[in-house]
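Chain and residue survey
Listed below are the residues making up each chain.
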Amino acid sequence: MTLTTTDPNSARARHARPPLWRNTAVLKWFVQIIVLLAVLAAFWFFAAQARNNLSAKGIPVSYDWLDDPANIQLGEGIQTVDDPDGRRLTMSRALWVGMVNTLRIASIGIIAATAIGVVVGIARLSNNWLARKVSSIYVETLRNIPVLVQIILWLAILGSLGKLTVDSGPIPGWVIVSQKGISIPRVFFADGFYQFLSMLAVFAVPIWWVRRRMRRTQEEQGGTQRIGSVTFALSLVAVVIAWFANPVMAFLGPVFDGISDAWAVIPQGLMQAVLSIVAVLAAVTWIRRFLDSRRTPAGLAKLIDDDWFRMIFAGIAALLAVFVVVRGWPGLSSWIINSGSDLFGVIGDKFGDGRGSRPLDAMKPTLSEGRFVNYGPTGLTMTVFYASLFFGLVFYTSSFIAEIVRGGIQAVPAGQSEAAAALGLNRRQALRKVVLPQAFRVIMPPLGNQYLNITKNTSLGIAVGFSEIVQVGQTVYNKNSQTLAVFSIYMIFFLACSLTISFVVNTINRRLAIVER
Amino acid sequence: MSIADNALTDEMASRDDMIVCRGVKKWFGDFQALRGVDVTVKDREVMVVLGPSGSGKSTLIRCINRLEVHQEGDIIVDGVELTNDLRNIEKIRSEVGMVFQQFNLFPHLTVLDNITLAPIWVRKKPKAEAEAKAMELLERVGIPEQAAKFPGQLSGGQQQRVAIARSLAMEPRIMLFDEPTSALDPEMISEVLDVMKDLARGGMTMMVVTHEMGFAREVADRLVFMESGDVVEVGTPEHFFTNPQEERTKLFLSQIL
């Protein structure tokens, strides 16, 4: 029994600390810091070069032009010209309109491409010969034609439609299909919507309480309570009451206005103090959690160098944040104060004046001077430019998604469907309950890639003159030669989109991961 | 007396037929896996199917709940003929449980959810009732403490016992076992066989493809020996292990005993 010494001194003697240049924990952090500094230095170098060269040519990089009037012809979007009595269309506003157009087509495109892709992918594995063949032809045709060709083809097809009149289209007055675009009636949030929503939120509390009580009764007394049906019935009643009684909630308007006013008078110093405290608290919480994770029933585990580095970094990050808030960027605090006040003010304005008003309303397509009305209460309109980019992207991407779905389903072992069949589940139940949940694991990562692709491919809108961010940006730098500044805006925008999508996909992935051990 | 009814005691012969196979033939492309199989399994009988690999024994029991489709001959399960009629297939599948060599548990569901899935969705049982029944079955196979775990966290023997419990949750009248212990480590085989013996003593009609001769000798009412898609010999364990008639049977038994 000579090996089981518990003398701490002898243990420490055997685990003598290696010199710094051989200590892997130190080396790991050292190399990372060096690489980070090298990357920053390289970036700095190139940025400085570009700035100097451009200054020499007389076009220094700046962002001052963002507030200049745009004088740009925007095809469509949330604002295309100066509002007569409101916002001017500045350069930054024009770029923002482009971003919104990009986001609009990317988000709706992602939903549509997923829906079509899933259906086609499942159909490719169907027992039905016709469904299998049709979906195979769909996939093989669409994914083998360049997406740009498809987009331009759609523009040609849509452009060959009839002239725009109220009566063009399958249902005159309601659905318009013409060479200027497609328009259908739009359901929109009317004046009473926010009162309606807040009333529903109030009703949610008792419904939730009833549900909890019923569940408890079921657990205690056995038997089956109709929890689902009761919830549905109560919710229906709540919706009906809220639909008609929503003006009651109009008092919330002044409440939000009050919050807005109160928010506006927060002194900047207080906001700075609060933000600093939040940063420090976050670091302290992180370090405490970290220490907890190193705690074993036998007490705190011995911390290795790596652990110390992490905690030191958390501390430095907090101090850095405090410095930025207090000295580096005081504007951040006043920005939070101003935009917080604006936000509550906007919410307050959403509430009506207590007169009866519908939460939702619908509007037929309207025309003025032979064009679609771009703005305000009108139908839901897809211009030909929007439609050709949308159809091109959606059909092209859906063919890839179909293949991903098919691959994911085929990656689930045959034994799983057999086990489901042997238990008596029918094909639909087996697909929904057994095969698809497992296929999702395989499908999710490549599906995320397709979502990134569709978002980035919206920049092909430039080929058909759709006013997405790249097209608007190009118009901007053609006017003022601020290529580098515009491209930096592109990069930040697309990076933000991509990181958001990646974050969502990764979160879902983690949820779906199968517990192995 | 046909080969299908060989070696039945009078008492056994008087019971109902649970599984009847008459002249069952099955091809995979050009390869004929079953060459006219005649087998009858009586109510509460335990039938063990023996044979070298590739003899068609797995194919036969997979035909019985229509995981494979036979091309010629009749299969009648508890009086219902297996045809293309979806209603018959559903009826038979909900009455016949099956245990696979590779367990085929659903890895994304907990043990409890694996067991309650079919009762809730096929039998439309309320969740609470299905879960109570599932816990009872887990108790019976000896692993109630594993209910909240996922299949990947269990040993092979535990997984196979969960698979048996999952089949039993549908309250089947017949259980099919397709080499249930072949994928298990040696020390885990007995825990699964014990559960199966317990089932047999409880009067379950069972058809078992296995290489476990000890189990066959102890539990089987009759054995079937198959080779190349044919039934070679049917008999009691005593007959098989002391006095087999066919040369091929003798050769096979001498190789594995």
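Residues numbered from 1 in each chain as written. Chains lettered and ligands numbered in written order. Predicted model: local features only at pLDDT ≥ 70, side-chain atom pairs only at ≥ 80, totals over all residues. Heavy atoms only, no water.

**Focus: the nonpolar core**
- Membership of the largest hydrophobic core comes to 48 residues, with the highest contact counts inside it found for Leu50(B), Ile164(B), Met175(B), Phe177(B), Met196(B) and Met206(B).
- Per-element accounting of this core gives the leading share, eight residues, to helix 7 (residues 186-201) of chain B.
- Each residue touching Ile164(B), except ones within four places of it in the same chain, is listed here: Val99(B), Met175(B), Phe177(B), Val192(B), Val195(B), Met196(B) and Leu199(B).
- Ranked by size, the runner-up nonpolar core spans 45 residues in total, among them Ala420(A), Leu34(B), Ala118(B) and Val234(B). (Core = buried A, V, L, I, M, F, W, Y, C linked by side-chain atoms within 4.5 Å. Buried < 20%, exposed > 50% of the residue type's maximum accessible area, 1.4 Å probe, protein only. Helix = DSSP H or I, 4+ residues; strand = E, 2+ residues; numbered from the N terminus. Contact = heavy atoms within 4.5 Å.)

**Overview of the pairing of strand 2 (residues 181-184) of chain A**
Residue and element names in this part refer to chain A.
- Note: strand 1 (residues 176-178) against strand 2, three bridges, orientation antiparallel. Counterpart to Val 177 in the pairing with strand 2 is Ile 182.
- Taken together, strand 1 and the strand that follows it, strand 2, pair antiparallel across an intervening segment of two residues.
- The pairing of strand 2 with strand 9 (residues 380-383) spans four bridges and is antiparallel. Its bridge partner being in strand 9, Ile 182 is matched across the sheet by Met 382. (Pairing = 2+ DSSP bridges.)

**Description of the side chain of Asn65(B)**
- Here Asn65(B) lies in the loop between helix 2 (57-64) and strand 4 (72-77).
- Residue Asn65(B) is classed as buried on the basis of its relative accessible area, which comes to 0%.

**Some details on the interface of chain B and chain A**
- Between chain B and chain A, the residue contacts involve 26 residues of the former and 23 residues of the latter.
- Around 2100 Å² of area is buried between chain B and chain A when both sides are counted, 66% of it from carbon and sulfur atoms.
- By the criterion of area lost to chain A, the three top residues of chain B are Phe106(B), His108(B) and Trp121(B), representing 26% of everything that side buries.
- For the interface between chain B and chain A, the tally reads one salt bridge.
- Among the salt bridges present, the one from Arg62(B) reaches Glu418(A), with a minimum N-O distance of 2.6 Å. (Buried area = accessible area lost by both parts, 1.4 Å probe. Salt bridge = Lys/Arg side-chain N within 4 Å of Asp/Glu carboxyl O.)

**Focus: the packing of aromatic side chains**
All names here are of chain A.
- By the definition in use, this model includes 21 aromatic pairs over all chains.
- An angle of 55 degrees between the planes, with centres 5.0 Å apart, marks the rings of Trp 154 and Phe 391 as tilted. Taken together, the positions of Trp 154 in helix 5 (residues 147-159) and Phe 391 in helix 12 (residues 384-410) put the pair 237 residues apart, joining distant regions of the chain.
- With a centroid separation of 5.7 Å and an interplanar angle of 40 degrees, the aromatic rings of Tyr 477 and Phe 487 are classed as tilted. Of this pair, Tyr 477 sits in helix 15 (residues 469-480) while Phe 487 sits in helix 16 (residues 483-512); the two residues are 10 residues apart in sequence, bridging distant segments of the chain.
- Owing to a relative accessible area of 37%, Phe 487 belongs among the partly exposed residues under this scheme. (Phe/Tyr/Trp six-rings, centres within 6.5 Å; stacked < 30°, edge-to-face > 60°.)

Geometric values such as these leave the question of function open.
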